[in-house]
Amino acid sequence: GNMVEWCLPQDIDLEGVEFKSMASGSHKIQSDFIYFRKGLCFGLACFANMPVESELERGARMKSVGILSPSYTLLYRYMHFLENQVRHQLEMPGHYSHLEAFYDDKKGVLPDSKGTPNSQQPVHWLPSIHRYMYPEMKITHPAGCMSQFIKFFGEQILVLWKFALLRKRILIFSPPPVGVVCYRVYCCCCLANVSLPGLGGAVPESKPFFYVNVADIEMLETEVSYVACTTEKIFEEKRDLYDVYVDNQNVKTHHEHLQPLLKINNADKEKYRRLNDQRQMLMYSQEVGEDCSSCEEDLFILFFMEQNNRIFQTLMEVSASQDKTLTADHARGMGLDPQGDRSFLMDLLEVYGIDVMLVIDNPCCT
């Protein structure tokens with residue numbers, strides 16, 4: 001089994017982290033990176049696998065070097081350091097001076113259970129987590145994680161968007177390497193951003209859990225909303241743990257009432273066409289040198305945030321009106337298909353507790 005070889009600070013609770021920081025099945029690959037969640041903290045670990053002539057180690061030495069932080073948006077900055085350190089640990093096991101120096105330089109103070117810092121040192125390196133999760137994470141090769149996400153899922157991102165907005169439990173399966181799949185988890189969460197004040201305080205936050213394994217089953221049983229990924233096929237059989245299961249590009253749900261959301265309708269196709277048109281315009285403006293400040297990640301986030309804001313702005317205006325009636329014209333104005341998105345709209349009203357009467361086809365449904 002896996003074991004924690006060394007850590008700082010030494011009194012921190014790291015139970016289970018040895019399985020979170022090394023994905024199941026990693027022995028088949030040479031290197032990987034992995035995002036995970038541990039309590040209120042997020043972690044990034046870099047994994048490497050080196051052949052060795054040692055019977056004790058069964059011919060292979062495998063290690064992960066990782067860090068924990070209250071914010072996942074900063075972790076990518078230390079990817080290069082972690083990649084170097086895991087290689088260093090493979091070649092010179094037991095030499096931790098670089099890691100000690102890194103910890104002394106970067107350490108912050110985590111709040112204790114009462115919410116007050118447990119030391120007087122300033123937390124100078126931990127910015128507040130951006131409320132709308134603007135993508136500070138960049139993927140480790142030239143294409144951004146958002147463009148990869150769009151190319152990988154195509155029109156299916158509109159299906160994922162609806163499930164993310166409904167705060168469903170979304171589990172993404174993929175064999176290792178898992179690093180790029182952790183970015184898909186992040187992108188899924190970005191689909192559900194809303195910047196309107198005062199919306200659905202009781203609605204669960206859309207949080208990325210990143211990599212999970214069988215050791216997380218007990219924790220997942222208590223979650224009402226999450227996006228996570230796994231390399232363990234056994235999860236597919238544990239239907240009580242998720243609402244939506246994504247295997248490669250195949251998005252499925254075992255809940256009958258969610259089945260209609262799997263179908264791409266005309267409004268979805270139109271949204272996807274608009275998103276691609278905007279991406280093409282951005283790429284053209286970058287080519288001719290007009291715009292170097294915008295990036296595809298921002299465009300992607302803003303596209304879905306504006307779409308979400310338009311939906312909720314309309315729903316809140318209708319709920320504040322005298323007759324509280326939502327018509328087919330309202331649906332079209334929100335960029336939705338009055339028929340194709342009917343069950344999505346009904347779920348949305350229920351999840352966010354918005355008091356509106358839906359009069360599309362069938363006036364008896366509220």
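I will try to describe carefully the structure that is included in this document. (Residues numbered from 1 in each chain as written. Predicted model: local features only at pLDDT ≥ 70, side-chain atom pairs only at ≥ 80, totals over all residues. Heavy atoms only, no water.)

## Considerations on the overall build of the protein
We apply this condition: Note on conventions: DSSP H or I runs of at least 4 residues are helices, E runs of at least 2 residues are strands, and numbering of each starts at the N terminus. Throughout, exposure labels follow a simple rule: accessible area from a 1.4 Å probe, protein chains only, divided by the maximum for the residue type, with under 20% read as buried, over 50% as exposed, and the rest as partly exposed. Two residues form a contact once any of their heavy atoms are found within 4.5 Å. Shrake-Rupley sampling with a 1.4 Å probe provides the accessible areas, and residues are treated as covered by the protein chains on show and by no other component.
Helix and strand counts for the protein come out as 11 helices and 10 strands. Of all 366 residues assigned to the protein, the portion counted as buried reaches 50%. For the protein, the proportion of contacts with a sequence separation of at least 24, taken over those separated by at least 6, is 63%. Per element, the accessible surface of the protein, about 18200 Å² overall, is 51% carbon and sulfur.

## Re the side chain of Asp347
As for its placement among the helices and strands, Asp347 is situated in helix α11 (residues 342–351). Contact partners of Asp347, with chain neighbours within four places excluded, come to Leu166, His257 and Leu258.

## Focus on the pairing of strand β1 (residues 31–38)
Quick reminder of the rule: DSSP-based pairing: two strands are paired if at least 2 bridges between them are found.
Burial runs high along β1: seven of the eight residues are buried. Summarising the sheet, β1 and strand β2 (residues 41–51) pair through eight bridges and their orientation is antiparallel. Residue Phe33 lies in a different strand from β2, and its bridge partner there is Cys46. What sits between the antiparallel neighbours β1 and β2 is a turn of two residues, in which Gly39 has the positive phi angle 60 degrees.

## Some thoughts on the packing of helix α4 (residues 145–153) against helix α9 (residues 296–320)
Using the following cut-off: Under this scheme, a helix contributes an axis fitted over its contacting stretch, all axes are lines through C-alpha atoms, and angles between N-to-C directions fall in the 0 to 180 degree range. Here is the rule for angles: anything less than 35 degrees is roughly parallel, anything more than 145 is roughly antiparallel, 65 through 115 is roughly perpendicular, and the remaining ranges are oblique. Under the scheme applied, nonpolar residues are Ala, Val, Leu, Ile, Met, Phe, Trp, Tyr, Cys and Pro; charged residues are Asp, Glu, Lys and Arg; polar residues are all the others, including Gly.
α9 packs onto α4 with a crossing angle of 60 degrees between their chain directions and a minimal axis gap of 7 Å. Relative to α9, the element α4 lies oblique. Of the residues in α9, those in contact with Cys145, Met146, Ser147, Phe149 and Ile150 of α4 are Glu296, Glu297, Phe300 and Ile301. A breakdown of the residues in the contact of α4 with α9 according to their chemical character gives six nonpolar, one polar and two charged.

## As for the packing of aromatic side chains
In plain terms, the rule: Two rings from Phe, Tyr or Trp (for Trp, the six-membered ring) form a pair when their centres sit within 6.5 Å of each other. Planes less than 30 degrees apart are called stacked, planes more than 60 degrees apart edge-to-face, and all others tilted. By definition, being over a ring means that NZ of Lys or CZ of Arg is both within 6 Å of the ring centre and within 35 degrees of the ring normal.
Within the structure shown, the criterion is met by 21 aromatic pairs. On the basis of an interplanar angle of 85 degrees and a centroid distance of 6.3 Å, the ring pair of Phe33 and Tyr35 is categorised as edge-to-face. For the pair Phe33 and Tyr35, one class covers both residues: buried. Arranged with centres 5.7 Å apart and planes meeting at 45 degrees, the rings of Phe209 and Tyr226 form a pair that is tilted. Placement of Phe209 in strand β5 (residues 208–211) and of Tyr226 in strand β6 (residues 226–230) is noted, with a sequence separation of 17 residues between them. We note that Phe209, like Tyr226, is buried. Its end group placed over the ring of Phe209, Arg37 keeps NZ or CZ at 4.3 Å from the ring centre. Of note, Lys162 hangs over the ring of Phe344, and the distance from its end group to the ring centre comes to 5.8 Å.

## Describing the side chain of Arg279
Put simply, the rule is: Here a polar contact is recorded for every N or O atom pair within 3.5 Å, except that within protein the pair must consist of a potential hydrogen donor and a potential acceptor, and residues adjacent in sequence are included only if both atoms are side-chain atoms.
On the secondary structure map, Arg279 appears in helix α8 (residues 266–287). In this structure Arg279 comes out as buried when scored by relative accessible area, which is 6%. Separated by 2.8 Å, the side chains of Arg279 and Asn276 make a polar contact. Ignoring any residue separated from it by four or fewer positions in sequence, one finds Arg279 in contact with Ser147, Ile150, Lys151, Glu296 and Leu299.

## Some points on the packing of α4 against α8
Inclusion rule: In this scheme the crossing of two helices becomes right-handed for a clockwise turn of the near helix relative to the far one and left-handed for an anticlockwise turn of less than a right angle.
With their axes 13 Å apart at the nearest point, α4 and α8 run at an angle of 140 degrees to one another. As far as their axial angle goes, α8 and α4 are oblique. Read as a crossing pair, α4 and α8 show a hand that is left-handed. Counted together, Ser147, Ile150 and Lys151 of α4 and Tyr272, Leu275, Asn276 and Arg279 of α8 form the full contact between these two elements.

## Regarding the nonpolar core
Put simply, the test is: Here the nonpolar core consists of buried residues drawn from Ala, Val, Leu, Ile, Met, Phe, Trp, Tyr and Cys, with membership extended through side-chain atoms lying within 4.5 Å. The domain boundaries here were taken from an automatic or database domain assignment.
By size, the foremost hydrophobic cluster in this structure holds 94 residues, and its most contacted members are Ile157, Phe312 and Leu315. Ranked by the residues each element gives to this core, the list is headed by α9, at 10 residues. Viewed by domain, this core spans two of them, domain 1 (17–100) and domain 2 (137–316), each represented by three or more residues. Setting aside anything within four residues of it in sequence, one finds Phe312 in contact with Leu165, Val194, Leu196, Leu199, Leu348, Tyr352 and Ile354.

## A word on empty space enclosed by the protein
Test applied: Definitions used throughout: a 1 Å grid over protein atoms alone; a cavity as a set of points that fits a 1.4 Å probe which cannot get out; a pocket as an open set with protein on both sides within 12 Å along at least five of seven lines; a lining residue as one with an atom within 4 Å of a point. Grid points are joined across faces, edges and corners, and a volume is the space filled by probe spheres set on the points.
Applying the stated criterion across every chain yields a total of one cavity of 30 Å³ or more. In this structure, the largest cavity occupies an estimated 30 Å³ of space. Counting residues per element, the ones that place at least two in the lining of the largest cavity are α5 (156–165) and β6.

## Some remarks on the pairing of strand β7 (residues 244–247)
Across four bridges, the pairing between strand β4 (residues 169–173) and β7 is parallel. Residue pairing across strands places Ile170 opposite Val244, the latter belonging to β7. Bridging between β7 and strand β8 (residues 250–253) involves four bridges; their strand directions are antiparallel. Bridging across to β8, Asp247 finds its partner in Asn250. Counting the residues between successive antiparallel strands, the hairpin from β7 to β8 contains two residues, one of them, Asn248, with a positive phi of roughly 60 degrees.

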